[in-house]
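If you want the building blocks of each chain, they are given just below.
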Amino acid sequence: MTNVLSLLIGWLLDLVFGDPSRLPHPIVWFGKAIAFCEHRLNRGNHRKLKGALTAVFLIAATFALTWFLRYILNSLLPFCGINLFTCIFDALIIFYCLAGTTLIREVRAVFLALDRSLEEGRKQVARIVGRDTSELSAQEVRTAALETLAENLSDGVIAPLFWFAILGTPGMLAYKMVNTLDSMIGYKTERYKDFGCWAAHIDDIANYIPARLTALLMVMATGRLGLLRFVHKYGRCHASPNSGYPEAALAGILDCRFGGPHYYFGQLFDKPYIGINDRPLTTADMKTAIRINRTAEILMVILTATVCLFHSNYLS
């Protein structure tokens with residue numbers, strides 16, 4: 001029951017507050033650790049090996065440190081059958097690891113900024129995407145925001161909850177290290193193609209099931225299970241082995257088209273299109289996408305709680 005209670009508290013905190021930007025955040029510490037290693041090791045020979053060792057060490061250290069802290073807290077006396085210290089610790093970790101509310105706020109802000117001016121829309125969407133936004137059209141800004149909404153539903157909500165269900169908060173926090181490594185160094189650019197290739201591979205493995213589960217939950221949220229054929233057809237139309245599945249689910253739900261060529265770090269990446277209906281996207285589409293995201297998130301929380309209860313009953 002402790003895991004379920006922690007899950008509900010952490011999720012409700014994210015639902016109400018979003019990312020605690022004014023508090024110390026583990027992801028910021030992860031970023032500093034990754035940057036420290038990259039600046040010192042991404043040079044000279046054997047960059048691929050050094051990058052692999054860096055990724056494995058940081059992920060393992062994150063898991064081990066979290067496990068050790070929980071071990072210490074678990075040694076304290078429980079109160080009414082629940083270890084309050086462990087429960088609070090886990091709830092805070094879950095709160096920090098989930099990004100559902102902040103993601104929705106950012107995407108909504110993109111559409112509102114775009115209503116004011118194209119330039120404001122470009123600046124706002126640059127906060128949540130890695131591509132060059134300076135030359136994007138209004139349609140491309142909206143597309144980028146909705147693609148990010150779908151992709152980060154997997155990375156920021158479903159995948160953390162999946163790993164929490166499997167390995168508890170140590171696994172959840174280790175996953176966030178995996179995801180942070182990929183977002184910082186997992187690019188096929190001249191600088192990162194060797195040092196960051198293992199970080200990208202590990203992220204692909206960690207997200208393989210969650211990405212497909214995300215697409216399934218999104219389709220379930222609509223009640224239109226026939227869309228799974230669309231997801232199966234277009235989910236593979238992406239440079240990433242995973243990102244295409246939640247994007248294909250949202251493209252099918254909205255009957256629109258995602259993908260196409262984009263600039264990252266000054267280099268052109270020609271991504272395949274997902275869907276065929278290149279229609280104008282609107283604020284109504286954004287509202288529909290947010291509703292689908294929230295429903296899929298709630299379904300995943302219920303599923304995670306069910307798995308935690310099963311673990312509890314099985315172990316007892």
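This write-up is about the structure you can find in this document. Note that this is a predicted model, so its numbers are computed, not measured.

**A few points about helix H1 (residues 2-17)**
Given a rise of 1.5 Å per residue, 16 residues ought to cover 22 Å, and the 22 Å separating the end C-alpha atoms of H1 matches this to within 8%. Immediately beyond the C-terminal end of H1, within one or two residues, lies Gly 18, with a positive phi of roughly 70°.

**With respect to the pattern of salt bridges**
Applying the stated criterion to the full structure yields 10 salt bridges. When the shortest N-O distance is used, the salt bridge between Arg 131 and Glu 147 registers 2.8 Å. Here Arg 131 is found in the loop between helix H6 (118-125) and helix H7 (138-185), whereas its partner Glu 147 is found in helix H7, with 16 residues between them in sequence. The exposure class assigned to Arg 131 is buried, which follows from its relative accessible area of 9%. Its salt-bridge partner being Asp 278, residue Arg 257 comes within 3.3 Å of it at the nearest N-O pair. With Arg 257 in the loop between helix H10 (244-254) and strand S1 (258-264) and Asp 278 in the loop between strand S2 (267-274) and helix H11 (283-315), the pair connects residues that are 21 residues apart, well separated along the chain. Among the residues examined, Asp 278 registers a relative accessible area of 47% and is labelled partly exposed.

**Let's talk about the environment of Pro 26**
Considering the arrangement of structural elements, one finds Pro 26 in helix H2 (residues 26-41). Pro 26 gets classed as buried once you look at its relative accessible area, which sits at 9%. Those residues within four positions of Pro 26 in sequence are excluded, and the remaining contacts are Tyr 96 and Leu 173.

**Here's the deal with H10**
Counted residue by residue, H10 has 11 buried out of 11 residues, so it is predominantly covered. Those residues of H10 lying buried are Gly 244, Tyr 245, Pro 246, Glu 247, Ala 248, Ala 249, Leu 250, Ala 251, Gly 252, Ile 253 and Leu 254. Positioned one or two residues after H10, Asp 255 has a phi angle of 55°, which is positive.

**Description of the packing of aromatic side chains**
Applying the stated criterion to the full structure yields five aromatic pairs. Where Phe 162 meets Trp 163, the ring centres are 5.2 Å apart and the plane angle is 90°; that geometry is what we call edge-to-face. Residue Phe 162 is classed as buried on the basis of its relative accessible area, which comes to 15%. Summarising the aromatic geometry, the rings of Phe 230 and Tyr 234 are spaced 4.7 Å apart at their centres and angled 40° between planes, so their arrangement reads as tilted. In this pair, Phe 230 and Tyr 234 are both assigned in helix H9 (residues 227-234), four residues apart and thus about one turn of the helix distant. One residue, Arg 212, lies across the ring of Tyr 208, its end atom 3.7 Å from the ring centre. Here Arg 212 stacks its cationic end above the ring of Tyr 245, 4.2 Å away from the centre of that ring.

**What about unusual backbone geometry?**
We note that His 46 has phi near 60°; this positive angle belongs to a residue other than glycine. Along the polypeptide, His 46 turns up in the loop between H2 and helix H3 (47-74). His 46 sits in the exposed class, given a relative accessible area of 62%. Positive phi is not limited to glycine here, since Asp 255 has a value of about 55°.

**Describing the packing of helix H4 (residues 84-97) against H7**
Contact geometry of H4 with H7 gives a least axis separation of 10 Å together with a crossing angle of 145°. Read as a crossing pair, H4 and H7 show a hand that is right-handed. Contacts between H4 and H7 involve Asp 90, Ile 93, Ile 94 and Cys 97 from the first element and Gly 156, Pro 160, Phe 164, Thr 169, Met 172, Leu 173 and Lys 176 from the second.

Calculation notes
- Each chain carries its own residue numbering, running from 1 in the written order of its sequence.
- In keeping with the predicted nature of the model, local features appear solely for residues at pLDDT of at least 70, side-chain atom pairs appear and are counted solely at 80 or more, and the whole-chain, interface and lining totals rest on all residues.
- Hydrogen atoms and water are omitted, and side-chain values are computed over all heavy atoms in the structure.
- Strands are runs of DSSP state E lasting at least 2 residues, helices are runs of H or I lasting at least 4, and numbering of each runs from the N terminus.
- A helix is expected to span 1.5 Å multiplied by its residue count minus one.
- Any Lys or Arg side-chain nitrogen found within 4 Å of a carboxyl oxygen on Asp or Glu counts as a salt bridge.
- Each residue gets one of three labels from its accessible area relative to the maximum for its type: buried under 20%, exposed over 50%, partly exposed in between, using a 1.4 Å probe on protein chains only.
- Should any heavy atoms of two residues lie within 4.5 Å, those residues are considered in contact.
- Classification of ring pairs rests on two measures: the distance between centres of Phe, Tyr or Trp rings, Trp counted by its six-membered ring, which must be within 6.5 Å, and the angle between planes, read as stacked under 30 degrees, edge-to-face over 60 and tilted in between.
- Charges are assigned to positions over rings by a cutoff of 6 Å between ring centre and Lys NZ or Arg CZ, combined with an angular limit of 35 degrees from the ring normal.
- Axes here mean lines fitted to C-alpha atoms, for a helix over just the part in contact, with angles spanning 0 to 180 degrees between N-to-C directions.
- Handedness of a helix crossing follows the sense of rotation of the near helix relative to the far helix, less than a right angle counterclockwise being left-handed and clockwise being right-handed.

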